[in-house]
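Geometric and topological summary
Each chain, letter by letter, is given below.
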Amino acid sequence: MKILLALALVPLMLNTGSTGQTKAYRKTEKLFRKELNKKDVHNALLLVSSDSFSTDWTFTGGNFRDGTPVLPETPFYTASIGKTFTAVAIALLYQDGVLHFQDPIHKYLPDSLLKGLHVWEGTDHSREISIAQLLQHRSGLPDYFEDGTTDGTPNVLEQLITDSARFWEPTELLDFTRKHQKPLFLPGQGYHYTDTEYLLLGLLIERLSGKTLHEFFHTRIFQPLGLTDTRLHLHPITGNEGKRMAELYAGETEVSGFTSLSADWAGGGIVSTLGDLNRFIRALFGGQLLDEKTLELMQDWAPETRGMYYGFGLRKVVLKELFPTLPPYTLIGHMGSTGSFLFYCPERNLYFAGTLNQTTAVRQSVALPAKILAVLRKYSGK
């Protein structure tokens, strides 16, 4: 049985005058404890925040392997939440007038990068792919992380574990896809979630801005919003990696120190904290990062799977479509393969950020916010 060595439950602001609010807090705490006490979960962090309902709750628990407790300010690996940062970077370039979402990527990226990436029935369609198709996973390109290969070569996710000391350059990952994988459909003719697209978007940002991806993030997103504990993993600006990152697990394997996490890069390499992520998503939906028109363009939803839709680096989850007994709310944001999540619920003007730091807990990245919303609805009557 798992022994919990440390648990910090920090209610930063709670309307204690409301019986319903107090009950909702306690029920949310109970849901968090339940996830934290699962066998594979070694640490977890959760923030639930809403100005409308005087709610600003932070729950953290678990320890580093040396016994140091995980705290609310502990940075963690956000995984595919990083796609939202990359999509926002592209949107900023759009607002600068540097690009248009419907532009073909060959307008900005050289043939040396693109040639042979999307060969369908003997014809190379790589030059036909648009920026919007990359953002929305509609290019037809395979996923270097999880998709199979044509020759039995282990995909990059498998190699991440078996070759943990390898530093992956973006061009090496493109070469892997070009050599060992094949596309799934013609550009624009379907939907397939793939990190390969966000790799290309990262390269596009670098080429158009004249900065490295981590420099662009730093100067256009992190600094303006005061995200002092947010960074692109393995790409420090000053040479200082900052606060120690919460330990991340793939099953029983602790992978936080793996250099092979470099394969995430533009598709999921952001390290951040609960507070910084909350500031980021509030700024995104509050008009501090993008204008209303651009944000609307990013929410052009393509069907992904039941109850889920994908925009430009944003995922929309319609809870009642997932399961009829769930509350009539929507979550907009992103989740990651590590059990991480960052969501805005417009119906309640409420924000979620958190992680279970465990790849086997990925389903809970939607299930936990959904359960909390059900609790809030029950005790607020809204």
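In case you missed it, the structure is sitting above this.
About the thresholds
- Residues numbered from 1 in each chain as written.
- Predicted model: local features only at pLDDT ≥ 70, side-chain atom pairs only at ≥ 80, totals over all residues.
- Heavy atoms only, no water.
- Helix = DSSP H or I, 4+ residues; strand = E, 2+ residues; numbered from the N terminus.
- Contact = heavy atoms within 4.5 Å.
- Lys, Arg positive; Asp, Glu negative; His and termini not counted.
- Charge placed at Lys NZ, Arg CZ, Asp CG, Glu CD.
- Buried < 20%, exposed > 50% of the residue type's maximum accessible area, 1.4 Å probe, protein only.
- Pairing = 2+ DSSP bridges.
- Phe/Tyr/Trp six-rings, centres within 6.5 Å; stacked < 30°, edge-to-face > 60°.
- Lys NZ or Arg CZ within 6 Å of the ring centre and 35° of its normal.

1. As for the overall build of the protein
Within the protein, the regular secondary structure consists of twelve helices and 16 strands. Along the longest, intermediate and shortest principal axes, the C-alpha atoms of the protein span 65 × 45 × 40 Å. Sequence-distant contacts in the protein: of pairs separated by 6 or more residues, those separated by 24 or more amount to 68%. Each charge class in the protein can be summarised by its mean position, and for the 38 positive and 40 negative side chains these summaries are 9 Å apart.

2. Some thoughts on the pairing of strand 16 (residues 350–355)
A large share of strand 16 lies buried, amounting to six of its six residues. Examined bridge by bridge, strand 2 (residues 43–50) and strand 16 share five bridges and lie antiparallel to one another. The partner of Leu47 across the bridge, within strand 16, is Ala353. In this structure, strand 15 (residues 341–345) lies alongside strand 16, joined through five bridges in antiparallel fashion. Paired with Cys345 across the strands is Leu350, a residue of strand 16. Connecting strand 15 to the antiparallel partner strand 16 that follows it, the hairpin turn spans four residues, and Asn349 within it adopts a positive phi of roughly 50°.

3. Things to note about the pairing of strand 11 (residues 302–305)
Bridge count for strand 11 against strand 12 (residues 308–310) is three bridges, and the pairing is antiparallel. Note on strand 12: the bridge partner recorded for Thr305 is Met308. Here strand 11 hands over to strand 12 after two residues, with Gly307 in that stretch at a positive phi of 80°.

4. Section: the packing of aromatic side chains
Aromatic rings in a pair are described by how distant their centres are and how their planes are angled relative to each other. Tallying each qualifying case throughout the model produces 14 aromatic pairs. Measuring from ring centre to ring centre gives 5.3 Å for Tyr25 and Trp57, while their planes differ by 85°; the resulting arrangement is edge-to-face. Placement of Tyr25 in helix 1 (residues 19–36) and of Trp57 in strand 3 (residues 55–62) is noted, with a sequence separation of 32 residues between them. For the residue pair Tyr25 and Trp57, the accessibility class agrees, reading buried in each case. If you follow Lys316 out to its NZ or CZ, it ends over the ring of Tyr309, 5.2 Å from the centre.

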